[in-house]
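What follows is each chain in one-letter form.
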Amino acid sequence: MSSTQTTCPYCGVGCGIIAQTDSTKSVTIQGDKSHPANFGKLCSKGIALSGTLGLEGRLLHPEIDNNSCDWNTALDKVATEFKQIIEQYGPQAIAFYVSGQLLTEDYYVANKLMKGFIGAGNIDTNSRLCMSSSLSGYKRAFGSDTVPGNYEDVEQSDLVVLVGSNLAWCHPILFQRLMIAKEKHPNQKIVVIDPRHTATCEIADTHLAIKAGSDIWLFNGLLDFLRHNDYLDYEYLEQATDGFAAAFQTARESSGSISGISQRTGLEEEQILEFFQLFADNKKVVTLYSQGVNQSTSGTDKVNSIINCHLATGRLGQVGMGPFSMTGQPNAMGGREVGALANQLASHMDFSAEHCDLVQEFWQASNIATSPGLKAIDLFNAVHAGEVKAIWIMATNPVVSLPNANLVKQALAECELVIVSDCVRDNDTTAHANVLFPTLAWGEKNGTVTNSERRISRQRTFLPAPAETKADWWILSQVAQRMGYEKAFAYNSSADIFREYVALSGYKNEGTRDFDLSGLLPFSDEEYQALKPVQWPICDSSEHCTGLRGTERMFADKRFFTSSGKAQFISITPRPPASLPDIKFPFVLNTGRIRDQWHTMTRTGIARLLRHTGESYVEIHPNDAQTANINHGSLVTVSSRLGKWMGRAKLTTNQQMGNLFIPMHFNSQTSNCARVDVLVAPHTDPISGQPEFKHTPVKISAYRPIWQGFILSKQPLTLPTKDIDYSVKILSDNCWRYELAGETKPDNWNLWLHHNFGANLEWLEYQDRANGCYNYANLIQDRLNICMFIGKDENLPNRHGLIQLFTRDKLTPAERLALLTGHNDEHRNNTICACFNVGHNELVAAIKEYDLKTVAQIGEKIQAGSNCGSCIPELKALLK
Ligand code: SF4
């Protein structure tokens, strides 16, 4: 058994993992008890990582135009065509779109190639979509992109304000740390500010169900309240800040009276005053925010309206306090540090003449970029307009994840040269690639990542590289060398790259830049391999840094990286979202993550993680649903000015009237109509360039096909397109499940089945033409091979019971009957606990039968909630 310490590849919590590999190459995943982010805990996604390590669906060989080729051919093609394009159109005609999935070393090489040698700023990362507003807000306030605090502050505060953050689902282990802290410290207060009632609200003392997009009115109002009720820290204001008077004046004028704030935010006056008083009464306040703040055309302003309140009261730089942004991806922070956003140069330096000279000198760059490149939305617009002739996409799936996703798809379809580096063969973006580069996947990679609290951790290799897969940095270096930059890209290992990166961070720094790792130098390959998790800055030459063991907390010294050395208040005038609902599109659509999925599902689409949610849905308030004649579980269409989406309706009072929520993950590989970003307009924050994913005007209506049904099949099927207008493919524990609906139907279902899926020897069939009902099952040697149930609406048999029949060696007569009638005893429906596969109905029955009162009792009785803990908020909600 060999054991490797590594880091989870999913969210920005950055949990440490121990991967144990036995002699049969089977891998066991456990939380790393010594890692300071998670102390041994893992959420449902982290714990399921061992199920994602297989080679099914992997891209294993380089390809040109869908044909396998050798590495030399693929690399030469890209290098040659890049050189031709640069010669003909200039360096701005090339772009890289990279990802928070890349390791810091990969990011560093990509950024160096684009900004130092190709000579354009056109490299942007998908982190633009999740946290660029936080970056802009920090830079405006502190003069640097510095997260001041750490996870311990969240635990040690007296008040945690969670703004636009469903921490329970999006950052589950930090949520669990907070949950435990609150249990130990019952006086700790938690306020959730979110238009939706999410799983996070289960531990909140107060949920402020604010109107979507109105956060700034609330925080400007708070600043006004703090000033008028004399809660300011005057000494801090004097010593550490500039610009309070102007910021206060703007806040006062824009927020107005409490009744005005109430009107703007939709909150009761009493609720608002209670929150303001709570903030004022607690010195130790952490305001933790995430995509609900960032993904807005006012995202940067929202961040600064929060920071203003912390600066005004000196709630910064000490234990248990500070504004705290949670990043979405495992290495979004690494991308920020490297400088792989189009408006950064490198290593927390920008495009000033001084920094351009410094970086050019350090890299010995032949063609340093001197101005920012195109941010994500502009970059794909430029591809669409034909201005960018070649785009290299690494480890991300923009055809699913970017707003106006159909335009992105069209842009790639028409682009002269699309290169995609990925570990996955088939996704919505690889479908448009002229050149495919096969990359290493998580367990094969070697490098570093940074989590949301500035902690650098190692991702280490514990699996061999399969077939012809290569590290991203190797592929980039090879292309660079073939373009003529041999010396600058002569890396032999990720340790080589990290050494250079660390040296750049300290180069002519002398305390002028927050990001400084130079205290790590010199280090050997062995020391790099053994690097322990550490928070930057790491140096002994800067007053900002607490030394070679890293820095837990920044700004305790009240000194910032602005020209005056003081933190800056920003005057914020609130403004509404870019587009508002109207008669034609009366609903506000919010998009976001669900508990067990990650990004566009390319790595989390495994049976275990699809148990909780396998089919996309839209959350709608029951009153809105009633008005639109929509039932729970029925099919609906949601449309915006840009596109149309289809899925199931989920009626819930967690949603405010007039608001809808759709998960962001679903893609065209698994559904013909569930890419939600075809609806979202590409409106962006003017400073950060971050798109407004949380506020799209849409309409919703019931979708009434003439038939609905599902197929369960032992083998994956290729579905015909004729007669099928809605289709979803879900990998289940023992079979594939297909949810289907159509506006036309075949004359004969039996013929349709045999025509599309082959003739089979033994089948059972039941038909009720009057009720539009057709049930079919095919058996091979007494084992269930495929079954199909068709009806006229969504009232179809329980899938869970039928799925269980695929495990049987021989079906009993009763089970055969169940295949004909669809009736089965299975009472499980929505899976709540994915670890032990325990469903909602099973839980409700157990709670009633055994009179269970606590999550621990549920765990003892039926195991649910006793492993990763990700379902605990849902268990608490059920107990309530
Ligand atoms: Fe991974 Fe879950 Fe930890 Fe996030 S919280 S890093 S997804 S184990």
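The structure contained in this document is the topic of the report that follows. (Residues numbered from 1 in each chain as written. Predicted model: local features only at pLDDT ≥ 70, side-chain atom pairs only at ≥ 80, totals over all residues. Heavy atoms only, no water.)

Another aspect to go through is the overall build of the protein chain. Per the secondary structure count, the protein chain includes 30 helices and 34 strands. Taking 2.2 N^0.38 as the reference for a compact globule, 880 residues should give roughly 29 Å; the C-alpha atoms of the protein chain span a radius of gyration of 27 Å, in line with that estimate. Seen through its principal axes, the protein chain has C-alpha atoms that stretch 80 × 70 × 55 Å. Across the 880 residues that make up the protein chain, the buried fraction comes to 63%. The long-range share in the protein chain, meaning contacts at least 24 apart out of those at least 6 apart in sequence, stands at 71%. Taken together, the 80 basic and 93 acidic charged side chains of the protein chain have centroids lying 3 Å from each other. (Helix = DSSP H or I, 4+ residues; strand = E, 2+ residues; numbered from the N terminus. Rg over C-alpha atoms; globule rule 2.2 N^0.38 Å. Buried < 20%, exposed > 50% of the residue type's maximum accessible area, 1.4 Å probe, protein only. Contact = heavy atoms within 4.5 Å. Lys, Arg positive; Asp, Glu negative; His and termini not counted. Charge placed at Lys NZ, Arg CZ, Asp CG, Glu CD.)

Each disulfide consists of one covalent bond between the sulfur atoms belonging to two cysteines. Summed over all chains, the structure comprises zero disulfides. No disulfide involves Cys130; its sulfur sits 11 Å from the nearest other cysteine sulfur, which is in Cys11. The exposure class of Cys130 is buried, given its relative accessible area of 7%. Between Cys871, a cysteine without a disulfide, and Cys833, which holds the nearest cysteine sulfur, the sulfur-to-sulfur distance is 4.4 Å. (Disulfide = S-S within 2.5 Å.)

This part is about the pattern of salt bridges. It is possible for side chains of opposite charge to pair when their charged atoms get near one another. Under the defined criterion, the tally for this structure stands at 38 salt bridges. Between Asp205 and Lys182 there is a salt bridge; the shortest N-O distance is 3.0 Å. Within this pair, whereas Asp205 is found in the loop between β9 (189-193) and β10 (206-208), its partner Lys182 is found in helix α7 (residues 172-184), the two being separated by 23 residues in sequence. One salt-bridge network, held together by shared partners, links Glu615, Arg648, Arg737, Glu739 and Arg799. (Salt bridge = Lys/Arg side-chain N within 4 Å of Asp/Glu carboxyl O.)

Residues Ile193, Leu218 and Phe275 are the most contacted members of the largest nonpolar core, which totals 138 residues. Each residue touching Leu218, except ones within four places of it in the same chain, is listed here: Ile193, Ile210, Ile261, Thr265, Leu267, Ile272, Phe275 and Phe276. Among the nonpolar cores identified, the runner-up in size contains 73 residues, and Cys69, Trp71, Ala74 and Leu417 belong to it. (Core = buried A, V, L, I, M, F, W, Y, C linked by side-chain atoms within 4.5 Å.)

What follows deals with the pairing of strand β21 (residues 587-592). For β21, a buried count of six out of six residues is recorded, marking the element as mostly surrounded by other parts of the structure. Of the two faces of β21, the one holding Phe587, Leu589 and Thr591 and the one holding Val588, Asn590 and Gly592 are both buried throughout. With three bridges connecting them, β21 and strand β26 (residues 696-702) associate as antiparallel partners. Among the inter-strand pairings, Val588 is bridged to a residue of β26, identified as Pro697. (Pairing = 2+ DSSP bridges.)

Right, let's get into the site of the ligand. Around the ligand, the structure places Cys8, Tyr10, Cys11, Gly14, Cys15, Leu42, Cys43, Lys45, Gly46, Pro172 and Ile173. Counting only elements with at least two residues in the shell around the ligand, the list comes to α1 (44-47) and α7. In the shell around the ligand, the residues fall into eight nonpolar, two polar and one charged. (Near = heavy atom within 4 Å. Nonpolar A, V, L, I, M, F, W, Y, C, P; charged D, E, K, R; others polar.)

With that settled, the discussion passes to the sheet that holds strand β27 (residues 707-713). The strand order across the open sheet formed by six strands is β28-β29-β27-β32-β31-β30, and the pairing between neighbours is antiparallel. Strands with a single pairing partner mark the edges of an open sheet, and in this sheet they are β28 (726-731) and β30 (762-768). Here the average twist between neighbouring strands, direction ignored, is 10°. With respect to the sheet, helix α27 (residues 813-821) is in contact with β30, β31 (773-780) and β32 (783-791), its orientation differing from that of β30 by roughly 45°. (Axes fitted to C-alpha atoms, helices over the stretch in contact; angles between N-to-C directions.)

A few words on the packing of helix α8 (residues 215-228) against helix α14 (residues 299-312). Two elements in contact, α8 and α14, have axes whose closest approach is 9 Å; the angle formed by their N-to-C orientations is 15°. What the angle tells us is that α8 and α14 run roughly parallel. Of the two elements, α8 crosses α14, and the hand of that crossing is left-handed. On α14, the residues touching Asp215, Ile216, Phe219, Asn220, Leu222, Leu223 and Leu226 of α8 are Asp301, Lys302, Ser305, Ile306, Asn308, Cys309 and Ala312. Along the lines of polarity and charge, the residues of the contact of α8 with α14 split into eight nonpolar, three polar and three charged. (Parallel < 35°, antiparallel > 145°, perpendicular 65-115°, else oblique. Left-handed = near helix turned anticlockwise from the far one by under 90°.)

This next bit is on unusual backbone geometry. For the bond running from Leu521 to Pro522, omega is -10°, close enough to zero to count as cis. Residue position: Pro522 is located in the loop between α21 (494-506) and α22 (525-529). The residue His599 is not glycine, and still its phi comes out positive at about 45°. Along the polypeptide, His599 turns up in the loop between β21 and α23 (607-610).

What follows is about the side chain of Asp516. For Asp516, the position within the fold is in the loop between α21 and α22. The contact partners of Asp516, leaving out residues within four places of it in the chain, are Ser505, Gly506, Asn509, Pro537, Ile538, Cys539 and Ser541.

So, about the environment of Thr512. As for its position among the elements, Thr512 is in the loop between α21 and α22. Residue classification places Thr512 among the exposed residues on the basis of a relative accessible area of 53%. Considered as a pair, Thr512 and Trp442 are 70 residues apart in the sequence and their alpha carbons are 35 Å apart. A polar contact of 2.6 Å, which involves the side chain of Thr512, links it to the backbone oxygen of Asn509. (Polar contact = N/O pair within 3.5 Å; in protein donor to acceptor, adjacent residues only side chain to side chain.)

Before going further, it helps to spend a moment on the pairing of strand β22 (residues 617-620). Across the two faces of β22 the burial is the same, with Tyr617 and Glu619 and Val618 and Ile620 all buried. Two elements, β22 and strand β24 (residues 644-651), share four bridges in a ladder whose sense is parallel. Looking across to β24, one finds that Glu619 is bridged to Lys650. Here β22 runs beside strand β25 (residues 659-663); their pairing, made up of two bridges, is antiparallel. Bridging from a neighbouring strand, Glu619 pairs with Phe661 of β25.

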